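# Tertiary structure, described
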Amino acid sequence: METKLPKLVRISIVGLGNVGRGVAEVIRRKQEEITRKYGIDLKIVGVADLPGAVVDENGLSEDAITKFKSGETAEDMTTLDMIKDVEHEIVVETTPTNVENGGPGLTHIITALESDRHVVTSNKGPLALQYGKLMDLATSRGKELKFEASVGGAMPIISLIKDNLAGNGIISIKGILNGTCNYILTRMREEKLPYEHVLKEAQERGIAETDPSNDVAGRDTAVKLVILANSIFDRNVSYKDVEVAGITEITLEALKLADDAGYVIKLIGEVDGGGSSGECLKVAPRLVPKDDPLNVEGTLNVATIKTDLAGDITVIGKGAGPIEAASAVLSDIIGIYM
Amino acid sequence: MKISMDIELTDIPGQLVLALKPVSDLGGNILSVLHQRDKKTPSGRIPVQLTLEIGEQGLNRLVERLKERDVNVVRIGKERLKESMMVLLIGHIVHTDLGETIDSIDSTGFAEVVELSLSMPGVDKKSSASVTLSAIGKEELKEALNILERTVNKKGIMIIPSI
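This is a predicted model, so every value here is computed, not measured.

Criteria and thresholds
Residues numbered from 1 in each chain as written. Chains lettered and ligands numbered in written order. Predicted model: local features only at pLDDT ≥ 70, side-chain atom pairs only at ≥ 80, totals over all residues. Heavy atoms only, no water. Helix = DSSP H or I, 4+ residues; strand = E, 2+ residues; numbered from the N terminus. Rg over C-alpha atoms; globule rule 2.2 N^0.38 Å. Buried < 20%, exposed > 50% of the residue type's maximum accessible area, 1.4 Å probe, protein only. Contact = heavy atoms within 4.5 Å. Salt bridge = Lys/Arg side-chain N within 4 Å of Asp/Glu carboxyl O. Pairing = 2+ DSSP bridges. Axes fitted to C-alpha atoms, helices over the stretch in contact; angles between N-to-C directions. Core = buried A, V, L, I, M, F, W, Y, C linked by side-chain atoms within 4.5 Å. Buried area = accessible area lost by both parts, 1.4 Å probe. Polar contact = N/O pair within 3.5 Å; in protein donor to acceptor, adjacent residues only side chain to side chain. Nonpolar A, V, L, I, M, F, W, Y, C, P; charged D, E, K, R; others polar. Phe/Tyr/Trp six-rings, centres within 6.5 Å; stacked < 30°, edge-to-face > 60°. Domains from an automatic or database assignment. Expected span 1.5 Å × (residues − 1). Bend = angle between axes of the 7 residues up to and from the residue.

This part is about the overall build of chain A. Assigned secondary structure in chain A consists of twelve helices and twelve strands. Here chain A has a C-alpha radius of gyration of 21 Å; the compact-globule value for 338 residues is 20 Å, and the two agree. Along the longest, intermediate and shortest principal axes, the C-alpha atoms of chain A span 65 × 45 × 45 Å. A total of 338 residues make up chain A; the buried ones form 52% of that total. For chain A, the proportion of contacts with a sequence separation of at least 24, taken over those separated by at least 6, is 69%.

If you want it as structure tokens, here you go:
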């Protein structure tokens, strides 16, 4: 019997925050299983963060990554030099989102594609700002740019539509794409506590950031909608095209009035194909009937995809968390070789 | 707009013509008349079902004229407002002229505010309200929502429609 050697896939991780470390952990945890199931041998040959990069062509150990992160070991080179000069196949870009100018993530992705490497990213900024340009660059280089983790965390939506629903026309997508807002609205309704109180609780539990404005003002949801509008509906829109309202004005009385009439209030992002079918690209609190599949609680994310053949498809999943986001990154990595 | 109407006539000759004449006088158009001479109400009147097309203003005057002619109007096509939706409002709802906000819908002739619940936690605090809009059709309901959105946006009131 012929035994085939697994294909070596060398990876670098740029950005060692929660998601980046989560990716390193799931690759370590799942390595054997992935080799057995998919015939690919994943090896992390470099990691980079603010101070620079550390590399090892034989694969970095957990210990080496931890030491680099804590600043105990000196860096070998700059991030961009690592992306350009270290031989590897995939750059995993997990630096924080910057929707103003794309931040360093934009440069990382461009450099990686120009160095003929595939890119898998959770970073929303570069995609929201330069989607068309980045996809064109990837195509011209014959490389893949994948970004499932950028929308809905572990909840599959991009590949669900592109792969499983291939052949369907997608009419619209609407859903809850921000777990922090969902948590706050859920707790306000359940515990009858005012917004400020629940926000503080969410911050103490690490569900809301110290500066929660990106989430509660609806900006995070808006950026994800832009990614969906451009990648699923081929629209050429940017953040400023989104009509955005957040949840900061929601009162307990409004939640009670909604409840009495059989509704809950959720922060809903909605996007459609534009053109004659409408021009919807908006984030706003909406009334959701209690028996609607979009009524999910806590930090969960949900999306209903309206299609021309399959009807309505609704997916629910964990929108945030390092391992959950890493799950989406990992499936993108494997997807490149399937 | 198209409405249906149940009226009751006194049981003497010429009453039907008397009841129908104001419709055309007011620019309305009679679509059907169901007149069953052998049926009588307990009070001895003759029931007639009308379907007609007439404007909102015309309808109000028609009802007045029918009353003047001793015709009982027992029902005006309630089902004409077939589509409904609820929206929430948050903001200074009362102090930005609630009456005018409601009028912006009621004056359309094709939609009405049929229910309103108001919650006012304190004088300086924002109020919340649930408003049920009804309209004669889906398109009209959508238009009514657009009108309400424009009206409350000008007043700095947040509107939360259903999905």
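Think of it this way: side chains of opposite charge can pair up when their charged atoms draw near. All names here are of chain A. Taken as a whole and judged by the stated rule, the model has 28 salt bridges over all chains. Across the salt bridge formed by Asp 63 and Lys 67, the nearest N and O atoms sit 3.6 Å from each other. In this pair, Asp 63 and Lys 67 both sit in helix H2 (residues 62-69), four residues apart, roughly one turn of the helix. Across the salt bridge formed by Glu 201 and Arg 187, the nearest N and O atoms sit 2.8 Å from each other. With Glu 201 in helix H8 (residues 195-204) and Arg 187 in helix H7 (residues 179-191), this pair connects stretches of sequence that are 14 residues apart. Among the residues examined, Glu 201 registers a relative accessible area of 17% and is labelled buried. Each of Arg 10, Glu 87 and Glu 89 takes part in one network of salt bridges that share partners.

To continue, consider the sheet that holds strand E8 (residues 158-160) of chain B. Residues and elements named next belong to chain B. Ordered in space as E6-E7-E5-E8, the four strands form an open sheet in which the pairing is antiparallel. On the outer flanks of this sheet lie strand E6 (111-119) and E8, each paired with one strand and no other. Going across the sheet, the axis of each strand differs from the next one's by a mean of 25°, ignoring polarity. For E6 and strand E7 (residues 127-135), the ladder comprises eight bridges, and the chain directions are antiparallel.

Turning our eyes to something else, we now look at the nonpolar core. All names here are of chain A. In this structure, Ile 173 and Ile 184 are the most contacted members of the largest nonpolar core, which totals 74 residues. It is helix H10 (residues 219-232) that provides the largest number of residues to this core, a total of eight residues. When near neighbours in sequence (up to four residues on either side) are disregarded, Ile 184 contacts Tyr 195, Val 198, Leu 199, Ala 202, Val 216 and Ile 247. With 28 residues, the next largest nonpolar core counts Ile 44, Ile 90, Val 120 and Ala 326 among its residues.

Between chain A and chain B, the residue contacts involve 21 residues of the former and 16 residues of the latter. Both faces combined, the contact of chain A with chain B buries some 1,500 Å², and carbon together with sulfur accounts for 73% of it. At the boundary of chain A and chain B, one finds one salt bridge. Notably, a salt bridge pairs Glu 249 of chain A with Lys 126 of chain B, separated by 2.4 Å at the nearest N-O pair. Taken together, the links from chain A to chain B amount to five residue pairs in polar contact (both at pLDDT 80 or more). Here the side of chain A that touches chain B is built from residues that sort into 14 nonpolar, two polar and five charged.

Residue and element names in this part refer to chain A. With respect to topology, six strands assemble into an open sheet ordered E3-E2-E1-E4-E5-E6, the strand pairing being mixed. In the strand order of this sheet, the two ends are held by strand E3 (52-55) and strand E6 (145-146), each with one partner. The sheet strands contacting helix H1 (residues 18-38) are strand E1 (7-14), strand E2 (40-49) and strand E4 (90-93), and the helix crosses E2 at an angle near 165°.

A word on the packing of aromatic side chains. All names here are of chain A. Counted according to the given criterion, the structure contains one aromatic pair over all chains. Residues Tyr 131 and Phe 147 carry aromatic rings whose centres are separated by 5.8 Å and whose planes lie at 90° to one another, so their mutual orientation is edge-to-face. Taken together, the residues Tyr 131 in helix H5 (residues 124-141) and Phe 147 in the loop between E6 and helix H6 (158-164) connect sequence positions 16 residues apart. For Tyr 131, a relative accessible area of 10% gives the class buried. Residue Phe 147 is classed as buried on the basis of its relative accessible area, which comes to 4%.

In this section: the domain arrangement of chain A. Residues and elements named next belong to chain A. With domains assigned, chain A is organised as domain 1 (7-154 + 323-336) and domain 2 (166-318). On a C-alpha basis, the centres of domain 1 and domain 2 stand 28 Å from each other. Between domain 1 and domain 2, the residue contacts involve twelve residues of the former and 13 residues of the latter. Interface area, domain 1 with domain 2, both sides summed: about 1,100 Å², of which 74% is carbon and sulfur. Where domain 1 touches domain 2, the interface holds one salt bridge. Note that Asp 220 is salt-bridged to Lys 124, the shortest N-O span being 3.4 Å. Counting residues per element, the side of domain 1 that touches domain 2 draws most heavily on H5, which supplies four residues. A per-class count over the side of domain 1 that touches domain 2 returns seven nonpolar, three polar and two charged.

All names here are of chain A. Structurally, Glu 89 can be placed in the loop between helix H3 (79-85) and E4. Among the polar contacts listed, one links the side chain of Glu 89 to the backbone nitrogen of Arg 10, at a separation of 2.6 Å. Once residues lying within four places of it in the same chain are set aside, the contact partners of Glu 89 are Leu 8, Val 9, Arg 10, Arg 117, His 118 and Tyr 337.

You can see Leu 9 of chain B is positioned in strand E1 (residues 2-9). Expressed as a C-alpha distance, the spacing of Leu 9 of chain B and Pro 42 of chain B, which sit 33 residues apart in the sequence, is 13 Å.

Residue and element names in this part refer to chain A. Here H1 spans only 26 Å end to end across 21 residues, well under the 30 Å set by a 1.5 Å rise per residue. Helix geometry: H1 is bent most strongly at Lys 30, by close to 60°. Among all positions of H1, only Gly 20, Gly 22, Val 23, Ala 24, Val 26, Ile 27 and Ile 34 are buried. Contact partners of the buried residues in H1: E1, E2, H2, E4 and helix H12 (322-336).

When the domains of chain B are assigned, the result is domain 1 (2-78) and domain 2 (83-160). Here the C-alpha centroids of domain 1 of chain B and domain 2 of chain B sit 33 Å apart.

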